[in-house]
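Report on the structure
Okay, here's what each chain looks like letter by letter:
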Amino acid sequence: MTFASLGLIEPLLRTLDGLDYTTPTAVQAQAIGPILKGRDLMAAAQTGTGKTAGFALPVLQRLMQEGPQVASNSVRALVLVPTRELAEQVQQSIQTYGQHLPLRSYSVYGGVSINPQMMKLRKGLDVLVATPGRLLDLYRQNAVKFNQLQVLVLDEADRMLDLGFSKELDELFCALPKKRQTLLFSATFSEAIRGMARLMLRDPLSIEVSPRNAAANTVKQWLVPVDKKRKSELFLHLYQSKKWSQVLVFVKTRKGVDELEAYLQQHGISADAIHGDKPQATRLHALQRFKDGEIKVLVATDVAARGLDIDDMPLVVNFDLPIVAEDYVHRIGRTGRAGATGQAVSLVCADEVQHLSAIESLIQQVLPRVDEPDFIPDHRVPQTVAGGLVVKKPKKPKKPKVVGGGKGGSLGRWLEADEPAAPAVKAVRKVPSFGGKPKAGRK
Ligand code: AMP
């Protein structure tokens, strides 16, 4: 299959040629044709599958072929994204893909001054990429109107709900014209997202590019058990002994990010950090330096986990496991992109066994354990076994009599050595409601 056979116009084909995109990825092959025909779409596509071009190319083409000249303060296509970083990246992609088209695009997000954004909106925009909170601010101040809106794209919709944007989305959706095309993208599809899709989409085409909630199979994953207080030391040891080139490291808290960054710098490693407390310009600068290879280790919280497209990222380290299991899939989606192989290493302490179990259930595999001889933990990380549900919190280890074991089991559930197989307690994950109402990567 070629991009030309999907019906894309010459200026877009020229751009793709320049980018060396010879063959459409799976999501592009399935999405571009139906979007060009005006269908609504619900797509389960992992990051790194080329989903940005999957929606950007046909949306740009439709904007060229249909609809009026954009009026002042109006937008014709709106792309909602969960984070500032993703807004920047999707906007860059749209600009790249539309480089031979006379269309105007821009991104708006919080954490920076609203005035330049208002100025930019005055002339009207063909494509606006926005985070929900800032867009709502602009809407309330009459800086943006939706009466010309032709297309709405919800990118990483699951993440928008996870970040608690359901109220903002509710209010925005009420302001949008009913007659429009809606495209919903999500790496994972929870019931909340499916509910949202039922309310937002008209007779959507469903596309599932990869198995639901599966991690990229090009990523080799394993974990190293370690005591909590020795994680920094272990990271440094692995970094040096394994001669890692570039690493993206995820840490749970902002404080933890800063501490690891400082520790690595003290040991002569070029490290930088991004998290929500840092000004946007600093975050983008750090990301750019990492992409340019100027820094070797980028330490980040989950704010940075989504949507970062870093070419040939060989390695992701989970310094802490994420609390929400789906975030694991998104984190490791930073590597093994566009068919490349990658590695994802998790440093896991005993406290984290419940998170581990939830992750293993989600990805339907028990992560192999690789002990580091000098870092065998005093507080043993209980074994996870098939079943996938957490029974109870880990007790302090007594004797290392291991039941089950990671190797044989296919799903994650942990069991204390001397614990009877108690009836499983259902693990409950809090999913924000949306009030009963409807609530690209770089080139
Ligand atoms: P995305 O999933 O949209 O973040 O894209 C992941 C990466 O794949 C980006 O670096 C894109 O530039 C790249 N990409 C997207 N589509 C193609 C394609 N058809 N051929 C080669 N690379 C692509």
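This one's a predicted model, so the numbers in the text were calculated from it and none came from an experiment.

Further remarks concern the confidence of the model for the chain. In the predicted model, the chain carries a mean pLDDT of 83, and 81% of its residues have values of at least 70. Here residues 387–394 is modelled with pLDDT under 50, and outside its nearest four sequence neighbours on either side it reaches 34 contacts, counting other chains as well. Overall, residues 400–443 carries pLDDT values under 50, and its contacts beyond four positions in sequence, including any with other chains, amount to 134 contacts.

In this structure's numbering, the residues bearing the UniProt feature "short sequence motif: Q motif" (unreviewed entry) are residues 1–29. For residues 1–29, helix accounts for 48% and strand for 0%, while the C-alpha atoms at its two ends are 8 Å apart.

What follows covers the nonpolar core. Counting 39 residues, the largest nonpolar core has Phe55, Leu57, Val79 and Leu183 as its most contacted members. Sort the elements by how many residues they give to this core and helix 3 (residues 51–65) lands first, with 7 residues. Here phenylalanine 55 is in contact with Ile35, Val79, Val90, Val153, Asp155, Leu183 and Phe185, once residues within four sequence places are set aside.

The next thing to look at is the pattern of salt bridges. Tallied over the full model, the rule gives 19 salt bridges. In this structure, the salt-bridge partner of lysine 51 is glutamate 156, at a minimum N-O distance of 3.4 Å. Highlighted residues: lysine 51 in helix 3 and glutamate 156 in the loop between strand 5 (151–154) and helix 7 (157–162), separated in sequence by 105 residues. Both residues of the pair, lysine 51 and glutamate 156, count as buried. Residue glutamate 233 pairs with arginine 230 through a salt bridge whose shortest N-O separation is 3.0 Å. Where salt bridges share partners, they join Lys51, Asp155 and Glu156 into one cluster.

We now examine the environment of leucine 8. Residue position: leucine 8 is located in the segment before helix 1 (10–19). Taking the C-alpha atoms as reference points, leucine 8 and proline 58, 50 residues apart in sequence, are found 7.3 Å from one another. Beyond its immediate stretch of four places on either side in the chain, leucine 8 contacts Phe3, Leu13, Leu16, Ile32, Leu36, Leu57 and Gln61.

Moving on to unusual backbone geometry. The phi torsion at glutamate 156 lies on the positive side, around 55 degrees, for a residue other than glycine. Residue glutamate 156 is classed as buried on the basis of its relative accessible area of 2%. The backbone phi angle of glutamine 364 is positive, close to 55 degrees, even though this residue is not glycine. Structurally, glutamine 364 can be placed in the segment after helix 14 (353–363).

Consecutive side chains along a regular strand alternate between the two faces of the sheet. Side chains Leu41 and Ala43 of strand 1 (residues 41–44) all project onto a buried face; the interleaved residues Met42 and Ala44 project onto the opposite face, where all are buried too. As defined by bridge partners, strand 1 adjoins strand 6 (residues 181–186) across 4 bridges and the pair is classed as parallel. Paired with alanine 43 across the strands is phenylalanine 185, a residue of strand 6. Relative to strand 7 (residues 205–208), strand 1 is paired through 4 bridges, and the arrangement is parallel. Across the sheet, the residue bridging to leucine 41 is leucine 205, located in strand 7.

This part takes up the sheet that holds strand 12 (residues 315–318). Read from one edge of the open sheet, 6 strands run 8-13-12-9-11-10, paired in parallel fashion. Whereas interior strands pair on both sides, the edge strands pair on one side only; in this sheet they are strand 8 (219–225) and strand 10 (271–274). Averaged over all adjacent pairs, the angle separating strand axes in this sheet is 20 degrees, with direction ignored. Strand direction decides the pairing type here: strand 9 (residues 247–250) and strand 12, joined by 4 bridges, are parallel. Each bridged residue has a counterpart across the sheet, and for phenylalanine 250 the counterpart in strand 12 is asparagine 318.

This part covers helix 9 (residues 191–200). Buried residues of helix 9: Ala192, Ile193, Gly195, Met196, Ala197 and Met200, and no others. Each element contacted by the buried residues of helix 9 is listed here: strand 1, strand 5, helix 7, helix 8 (166–175) and strand 6.

Attention now goes to the pairing of strand 2 (residues 75–80). Counting buried positions over the 6 residues of strand 2 gives 6, a clear majority of the element. In this sheet, strand 4 (residues 125–130) lies alongside strand 2 in parallel orientation, the contact comprising 5 bridges. Along strand 4, the bridge assignment pairs leucine 78 with leucine 128. In terms of strand pairing, strand 2 meets strand 5 through 4 bridges, oriented parallel. Each bridged residue has a counterpart across the sheet, and for valine 79 the counterpart in strand 5 is valine 153.

About the cut-offs
Residues numbered from 1 in each chain as written. Predicted model: local features only at pLDDT ≥ 70, side-chain atom pairs only at ≥ 80, totals over all residues. Heavy atoms only, no water. pLDDT = per-residue confidence, 0-100. Contact = heavy atoms within 4.5 Å. UniProt positions renumbered as here; feature names shortened; annotations may be inferred. Helix = DSSP H or I, 4+ residues; strand = E, 2+ residues; numbered from the N terminus. Core = buried A, V, L, I, M, F, W, Y, C linked by side-chain atoms within 4.5 Å. Buried < 20%, exposed > 50% of the residue type's maximum accessible area, 1.4 Å probe, protein only. Salt bridge = Lys/Arg side-chain N within 4 Å of Asp/Glu carboxyl O. Pairing = 2+ DSSP bridges. Axes fitted to C-alpha atoms, helices over the stretch in contact; angles between N-to-C directions.

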